[in-house]
Structure formats: structure tokens, C-alpha cells
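Topology and contacts: notes
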Amino acid sequence: MNRLMRRIAGLALPIALAVAGEASAHAFLERATPRVGGTVQSTPERVSLRFSEPLEPAFSWVKVLDADGKQVDRGDKQVNRSEPMVIQVSVPRLAAGRYRVAWRAVSVDTHVTEGDFTFEVKP
Amino acid sequence: MKRSLSIVLCAVACGVAHEACAHGFAGKRFFPATIATEDPFVADELSLPTYSYRKFDASGEEPGTTESATSIDYTKRITENFGVGFGATYLHHKDEDGTTHKGFDNLAANVKYQFYKNDASETILSAGIDWDIGNTGAKAIGAETFSTITPAIFFGKGFGDLPEDARMLRPFALTGSLGYAFPSRTQSTTTDDEGNDVVERHPDSVHLGLALEYSLPYLQSFVKDSGLGEPWNKMVPLVELNLEKPVNRGGGPTIGTVNPGVVWASRFMQLGLEAVIPVNSRSGGHTGVLLQVHFFMDDLFPNGAGAPLFR
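Fair warning: this is a prediction, and the values are worked out from it, not measured in the lab.

Looking only at helices and strands, chain A has one helix and eight strands in total. Ordered by position from the N terminus, the helices and strands of chain A form the series α-β-β-β-β-β-β-β-β. Taken over 123 residues, chain A has a buried fraction of 31%. Within chain A, counting contacts between residues at least 6 apart in sequence, those at least 24 apart form 62% of the total.

We now examine the sheet that holds strand β8 (residues 112–121) of chain A. Residues and elements named next belong to chain A. Reading across from one edge, β2-β8-β7-β4 is the order of the four strands in this open sheet, with mixed pairing throughout. Unpaired on one side and paired on the other, β2 (39–40) and β4 (61–65) mark the two borders of the sheet. Two elements, β4 and strand β7 (residues 97–106), share five bridges in a ladder whose sense is antiparallel. Bridge pairing in β7 places Leu65 opposite Arg100.

Residue and element names in this part refer to chain B. Pairing geometry for strand β3 (residues 45–56) and strand β17 (residues 288–296), over seven bridges, is antiparallel. Across the sheet, Glu45 pairs through a bridge with Phe296, a residue of β17. Both strand β16 (residues 269–278) and β17 contribute to a ladder of eight bridges, which runs antiparallel. Across the sheet, residue Gly272 finds its bridge partner in β17, namely Gln292.

What follows concerns the environment of B:Tyr218. All names here are of chain B. Note on placement: Tyr218 falls in helix α3 (residues 216–223). As for Tyr218 and Phe82, which are separated by 136 residues in sequence, their C-alpha atoms are 27 Å apart. Excluding anything up to four places from it in sequence, Tyr218 contacts Arg29, Arg170, Pro171 and Val223.

Another aspect to go through is the pairing of strand β13 (residues 205–214) of chain B. All names here are of chain B. Pairing of strand β10 (residues 172–183) with β13, which is carried by 10 bridges, proceeds in the antiparallel orientation. Residue pairing in the sheet places Tyr180 in a bridge with Val206 of β13. In terms of strand pairing, β13 meets strand β14 (residues 235–246) through nine bridges, oriented antiparallel. When the sheet's bridge partners are listed, His207 is paired in β14 with Glu244.

Quick look at the nonpolar core now. Core analysis: the biggest nonpolar cluster contains 31 residues, and A:Ala32, A:Leu49, A:Phe51, A:Leu55, A:Val62, A:Val101 and A:Ala105 have the highest contact counts within it. Apart from the residues lying within four places of it in its own chain, the contact partners of A:Val101 are A:Ala32, A:Val47, A:Val62, A:Val64, A:Asp116, A:Phe117 and A:Phe119.

Residue and element names in this part refer to chain A. The strand order β1-β3-β6-β5 describes an open sheet built from four strands, whose pairing is antiparallel. For this open sheet the edge positions go to β1 (29–33) and β5 (78–79), each flanked by a neighbour on one side alone. Where β1 and strand β3 (residues 46–51) come together, four bridges link them in antiparallel fashion. From the neighbouring strand, Arg31 faces β3, where its bridge partner is Arg50.

Below, the discussion takes up unusual backbone geometry. With an omega of -5°, the peptide bond running from A:Thr33 to A:Pro34 counts as cis. Position of A:Pro34 among the secondary structure elements: in the loop between β1 and β2. That bond from B:Leu48 to B:Pro49 is cis: its omega, -5°, falls within 30 degrees of zero. Of note, B:Pro49 is situated in strand β3. At B:Asn135, a position not held by glycine, the phi torsion is positive, near 70°. Along the chain, B:Asn135 falls in the loop between β8 (123–132) and β9 (148–158).

Residues and elements named next belong to chain B. Summing up the model confidence of chain B, the mean pLDDT is 89 and the portion of residues at 70 or higher is 93%. Taken as a whole, residues 1–22 scores under 50 in pLDDT and shows 24 contacts with residues more than four places along the chain or in a different chain. As scored by the predictor, the complex reaches a pTM of 0.86 and an ipTM of 0.81.

What counts, and where the lines are drawn
- Every chain's residues receive numbers from 1 upward, in the order its sequence appears when written.
- The lettering of chains begins at A and the numbering of ligands begins at 1, in the order of writing.
- Only residues with pLDDT of at least 70 get local features here, since the model is predicted, and only at 80 or more are side-chain atom pairs given and counted; chain-wide, interface and lining totals rely on the full set of residues.
- Starting at the N terminus, helices and strands are each numbered in turn, a helix being any DSSP run of H or I of at least four residues and a strand any DSSP run of E of at least two.
- With C-beta atoms placed from the backbone, a residue counts as buried when 20 or more other C-beta atoms lie within 10 Å of its own, as exposed when 12 or fewer do, and as partly exposed for counts between those limits.
- Two residues qualify as a contact pair if the distance between their C-beta atoms, derived from the backbone, is within 7 Å.
- Strands are treated as partners if at least two bridges between them are detected by DSSP.
- What we call a nonpolar core is a set of buried Ala, Val, Leu, Ile, Met, Phe, Trp, Tyr and Cys residues whose membership is set by joining through C-beta atoms within 7 Å.
- Known as pLDDT, the predictor's confidence for each residue is given on a scale from 0 to 100.

As C-alpha cells, this is what we get:
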């Protein structure tokens, strides 16, 4: 490693330390139940999304929509108190078909991400 | 309670939070920073370093040489959609006979304005001007004594709006730029070893950059969870194309490289690695390598150094 690279490494180190500190970031969807694009044999009790960052409950939401775009969840979305990276909403018994999960995630530093995916309930 | 209040105040201060705090996003699409080509976003970002290594064969009176380049680039938002950037590159040339030349290349500065964004179609358009500042680099490495100004337009388009039947293609995205570079001097006169005047002409040129990427994070989060784990679920394979076509003053043929590689993007930074393949013999005879460490300053310091100066 030449001298210049060592100096650059010296500059980058404080940033890397900041990364390990209290900084926050955009919340990315890491895992969903039911799985993104997946198929389930029966109605799940709830749709649950796990993000990469803790969420701000007041501004984050998740909705489950049927093929006509009608909201079919129970409207009780909730960020998990013990796991603030998880938001979930309960759903009633769903007929067979394809459903869309739409979400908006506001991380605690106000970065906003949004998205949607589908899952299918088998007959 | 205090924290909720601060969140509200911040969101209000941002205007619409989504607009204010997004960087590299159009709707649900996250575009990673491209390495070899300019991306369309106005953002607070730091590339530290970008490193390239290339080998060139002897050509005419020019000896064969290896070139390593180490760069730092910093971009800063002035307002939400207007930003400035600065860059410096340290070059190290080693000729076949063992002679070395090293020093900084000319400094670079740029401005960029993002004038269009459509979340539904994952589209972004921006325009900017790059200024390669003459006489700021070392003569030892042949830094130009004149400046080059390059106005350009930039675009980004994600394909998340493809129909359901083509959903596995939705993770694709294309970014690119088209610029016209013109030097501040059309020619330079130097004196060779025998005392003769040598006139070197400086042509205008068209610059085209394209980057085609397939986002595995997009696939996992919005299309089909295939069960990819770390580090694969944060990888974006891509191919970049960088072309330069002189258009006058006997500037010669098109030169450029095609760069297949991969970007791994995490919460605060991304790592990129690409091969640098010349598109023709005029562009070089050997495959090089390009790597980059890139920090998202707006994620690292959202309320400080990573925020726009004026909201």
C-alpha cells in the first residue's frame, strides 16, 4: 500500500466509524411474511414486514389490497414495540387470488422508502 | 413524545419528506451510484477512493505504460435538486523502461440540476456541466494546460413498470449521460527536443455513458423473494459503457471501454468492482480493473453534512 492509499484509508476511517455509530438510513424491506411473490395455501393471520431500520410508527404503514385495489386488511397496522423494524397488519380470511401489499416506511431519521409486492392465496 | 415532535418538525422542514430525503431513488427504485459513468442524481455522496489500473501498449513514439489512478470525488446538495461536485485524481504512470511519472491530474468541478422525477415510471432526468480545470494538474503526468467544459444531460429509468408477465425483468434499470465536451483552446503549440514547434489540436468530443443494471435487492423486495442471503441480496450486477467520439480537428476514432462488474450496496456505503475492457485497439490492448468505495453522506449524516444547505 503506497503512501497515498494510506492517507486515503486514514480519511475513510472516521466515516467507517460513523457508520458503526448512531447514523440511520433508508429502510429497506428485508423479509416479508407471506414472502414477496410467494404463494400460501391458506390465509395468513397477518402480513408482516421486516425492514433494515427502525420505523417511525406515526408515518409508516402497510396495506393489503385485492385485485380490484380494495383494501382488505383490518386497518390495524402496528410497528412492533420490541422490534421497531417490524410492521404488521392483520387480515381476515381471504378468498383465493392474488393480493398486493403496499407499504411506506419512514425510518427514525425521516428517510422514506416505499414499495409493494404481491402474494397469492391458493384455492 | 419529544422524538415524535422532532420527526414532525423535520418532515415539515423537509417539505414532503419523501422528496426531501430521497437520494438515488425514484419511487421504490434505488439506483446505486455507477462507477465509470455519471449517474443522474443530485446527492450528498463521497467516493473515497476510486482506484483504477490499466496497461497500455507502446504506440508510435509513446512507450508502453501502466497507469494507476486514485481519485476522490465529493458531491454536495445546495438545494434538494441542485448540487455541486469536486474531484481530484492522482496518477502514477510507469513506462516499460522503468521511468515513472506521477502527480495530480487537473481538478474537476461540476454542477447538476435534477429537473424531472416520476416515481411511478422510476424515471429521473437531470442536466449538468462538468469543468475540467486546466493548469491545475502536474505537467509530469501530462495534465492539460487548458480547460474542458462538458454540458451534459443525465437520465435514469427503472423497469418496474413492466407488465406482470415480464415481472422478472423489472429489476433492470438503465442510467446514462450524453455530453458535448469542448476545450477552452482549440490547439496548443509546444517545442520538441529538436527545437521544432509542434502543434497539437484539441477536438470537441461527444461523450456517451450507459449503465445497465439488474438489482437483486429490487428482485428480493418487490418481485420475488428467492431466498438470497448476504451478501447476494445487496448486489447489483451491471455493465457500464463509456464512449468518447471526437467530432472535429482530426480527433480520430471513437475510444472507450465496456465495464462489466458488480456493486454491493449496504445502508451507508457501497463497494464496486469492474473490469475495464477497451472497445477497440485505440482504447488500449489490455483489460484493466476499477474499484470504488462510496459513502452515502445523506444517510451517514442526515441532519448535518449530508443535508442540503438550503431546504
